[in-house]
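Below are the chains, spelled out letter by letter.
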Amino acid sequence: MSWLVTGGAGYIGAHVVRALVDGGESVVVYDDLSTGCADRVPAGVPLVVGSVLDGPLLESAIRDHAVTGVVHIAAKKQVGESVEQPLRYYRENVTGPETLLEAMTACGADRLVFSSSAAVYGMPDVDLVTEDTPCLPMSPYGETKLVGEWLINAAARAHGIRAASLRYFNVAGAAAPELADTGVFNLIPMVFERLEAGEAPRVFGDDYATPDGTCVRDYIHVQDIASAHLAAARRLTDAPEGTALTLNIGRGEGSSVREMVDRILKVAGKEDVAPQVTERRPGDPARVVASADRAREELGWTARHGLDDMIDSAWQGWRHRNR
Ligand code: WQD
């Protein structure tokens, strides 16, 4: 198989590219470099610079590189921004996969691994979220990921595409410092940024109905996210036409914000700093933790890395970037 990885120069994409290459797959990266960096693409892997809204360029990339499957990661992914710019999010995250599916069907590339998100669930009222937990997204971002899944499932039924939508939970960490996330949009980098500015990290609310009152999430190492893509790509290679899998990609373990902040302070050598509890952040669910059973059953995949790996490697990446 030859895989086109859209968004392959981004934080998650670059890890997926490495996992596929290390797994012996042939890979081409397709990225508009809006947030990705060309130097994340490994030597020997071709890079096509372009937008996922550019159907003719997608078709020529697929044909020129004899691509048989696509890992579609390129997307907009900031929840808050999606509230301000819903049209842009629908264009990139819904018209993007629709354009891609048109190019794939025109060229006969019929395997697709899609980056989805736990954001499709919104505020789940269950201990462990299964793939059958109702999807009630709370943001345009979450909506676009859910619509993307529907689109792919419909195309799988109608056009024989084999697809897997991977619903990532809270991704963190890096395989190497130079591959670390450069955005400061999630808990771990936001704490690093506060510490660097000499400010106390913020805990957004401690009056939730959780054991320590702070929100609980399922944090997963980006290398585990990457290995799930390799497993999904292999699972689809021999799958029958019309296969459409939807899989949670998490560890199945919840960690509270307070626990995370304590661990982050320790790794950063700032145990003397006291976190500052602030108002709740609007729209935050109290608890979102995956049931990872289906991914284990369907892919034979489980996460291997723990919180210390995630936080240590994120810290190495932060120091590398700010050295
Ligand atoms: C984690 C917890 C915050 C910063 C989002 C998207 C989700 C996915 C991952 C893309 C929350 C708390 C944070 C801080 C804090 N994205 N927090 N102080 O909101 O769980 O998930 O990113 O697919 O779809 O919704 O992640 O890292 O922003 O927050 O207390 O300075 O940390 O309130 O409880 P979130 P996050």
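Residues numbered from 1 in each chain as written. Predicted model: local features only at pLDDT ≥ 70, side-chain atom pairs only at ≥ 80, totals over all residues. Heavy atoms only, no water.

Caption draft 1: Spatial organisation of unusual backbone geometry. Notably, Leu 33 is not glycine yet its phi reads approximately 60°, a positive angle. For Leu 33, the location among the structural elements is in the loop between β2 (26–31) and β3 (47–49). Looking at Leu 33, the relative accessible area reads 28%, which means it is partly exposed. We note that Ala 66 has phi near 45°; this positive angle belongs to a residue other than glycine. (Helix = DSSP H or I, 4+ residues; strand = E, 2+ residues; numbered from the N terminus. Buried < 20%, exposed > 50% of the residue type's maximum accessible area, 1.4 Å probe, protein only.)

Caption draft 2: The packing of aromatic side chains, seen in detail. All told, the structure shown has 3 aromatic pairs when counted by the stated rule. The interplanar angle of 35° and the centroid separation of 6.3 Å between the aromatic rings of Tyr 121 and Phe 169 together place this pair among those described as tilted. Of this pair, Tyr 121 sits in the loop between β5 (111–117) and α5 (140–159) while Phe 169 sits in the loop between β6 (162–168) and β7 (170–172); the two residues are 48 residues apart in sequence, bridging distant segments of the chain. Take Phe 169: its relative accessible area is 6%, and that puts it in the buried class. Arranged with centres 5.0 Å apart and planes meeting at 55°, the rings of Phe 192 and Trp 315 form a pair that is tilted. Within this pair, whereas Phe 192 is found in helix α6 (residues 187–196), its partner Trp 315 is found in helix α10 (residues 307–321), the two being separated by 123 residues in sequence. Both residues of the pair, Phe 192 and Trp 315, count as buried. Through a chain of ring-to-ring contacts, three or more aromatic side chains come together here, namely Phe 192, Trp 315 and Trp 318. (Phe/Tyr/Trp six-rings, centres within 6.5 Å; stacked < 30°, edge-to-face > 60°.)

Caption draft 3: Inspection of the site of the ligand at higher detail. Around the ligand sit 18 residues in total, of which Tyr 141, Leu 187, Arg 202, Arg 217 and Asp 284 are the nearest. In the environment of the ligand, an oxygen atom lies 2.7 Å from a nitrogen or oxygen atom belonging to the side chain of Tyr 141. Arg 217 is positioned with one of its side-chain polar atoms (N or O) 2.6 Å from an oxygen atom of the ligand. Here the ligand loses 88% of its free accessible area of 690 Å² to cover by the protein chains. At the level of elements, α6 and β8 (202–204) are the ones that each hand at least two residues to the shell around the ligand. When residues of the shell around the ligand are assigned to their parent elements, the largest contribution, 3 residues, is made by β8. (Near = heavy atom within 4 Å. Polar contact = N/O pair within 3.5 Å; in protein donor to acceptor, adjacent residues only side chain to side chain. Areas by Shrake-Rupley, 256 points an atom, 1.4 Å probe, with all protein chains shown as cover.)

Caption draft 4: Representation of the sheet that holds β6 within the structure. Spatially, 7 strands are ordered β3-β2-β1-β4-β5-β6-β11 in an open sheet, and the strand pairing comes out parallel. Two strands close off the open sheet at either side, each with one partner strand: β3 and β11 (244–249). Looking at each pair of strands side by side, their axes are set apart by 20° on average, direction ignored. Of the strand pairs in this sheet, strand β1 (residues 2–6) and strand β4 (residues 69–72) are connected by 4 bridges, and their pairing is parallel. Within β4, the position partnered with Val 5 by the bridge is Val 71. α5 rests against β5, β6 and β11 of the sheet, and its axis sits at about 160° to β5. (Pairing = 2+ DSSP bridges. Axes fitted to C-alpha atoms, helices over the stretch in contact; angles between N-to-C directions. Contact = heavy atoms within 4.5 Å.)

Caption draft 5: Main features of a negative patch on the surface. There is a patch of like negative charges on the surface, built from Asp 212, Asp 262, Glu 271 and Asp 272. For Asp 272, the location among the structural elements is in the loop between α8 (257–267) and β13 (276–278). (Patch = residues over 30% accessible without salt bridge, like charges linked within 9 Å, V, L, I, M, F, W, Y side chains within 5 Å. Salt bridge = Lys/Arg side-chain N within 4 Å of Asp/Glu carboxyl O. Lys, Arg positive; Asp, Glu negative; His and termini not counted. Charge placed at Lys NZ, Arg CZ, Asp CG, Glu CD.)

Caption draft 6: Local environment of the pattern of salt bridges. Applying the stated criterion across every chain yields a total of 19 salt bridges. As a salt-bridge pair, Arg 162 and Asp 110 come within 2.8 Å of each other at their nearest N and O atoms. Of this pair, Arg 162 sits in strand β6 while Asp 110 is found in the loop between α4 (86–107) and β5, placing the two residues 52 residues apart along the sequence. Asp 110 shares its class with Arg 162; the two are buried. Taking the shortest distance from any N to any O, the salt bridge between Arg 167 and Glu 149 comes out at 2.6 Å. Residue Arg 167 is located in strand β6, and its partner Glu 149 is located in helix α5; the two are separated by 18 residues in the primary sequence.

Caption draft 7: Examining the domain arrangement of the protein more closely. The domains assigned to the protein are domain 1 (2–172 + 219–249) and domain 2 (177–217 + 252–321). For domain 1 and domain 2, the distance between their C-alpha centroids amounts to 24 Å. Each partner contributes residues to the interface: domain 1 has 36 residues there, and domain 2 has 34 residues. For the pair domain 1 and domain 2, the summed buried area comes to about 3,100 Å², and 62% of that belongs to carbon and sulfur atoms. Of all residues in domain 1, Tyr 219, His 221 and Asp 224 bury the most surface against domain 2, accounting for 23% of the area lost on that side. Joining domain 1 to domain 2, the criterion identifies 4 salt bridges. At the surface where domain 1 touches domain 2, the tally comes to 13 residue pairs in polar contact (both at pLDDT 80 or more). Among the secondary structure elements, those contributing two or more residues to the side of domain 1 that touches domain 2 are α1 (11–22), β7, β10 (219–221), α7 (222–237) and β11. If you tally residues by element for the side of domain 1 that touches domain 2, the top one is α7, at 7 residues. (Domains from an automatic or database assignment. Buried area = accessible area lost by both parts, 1.4 Å probe.)

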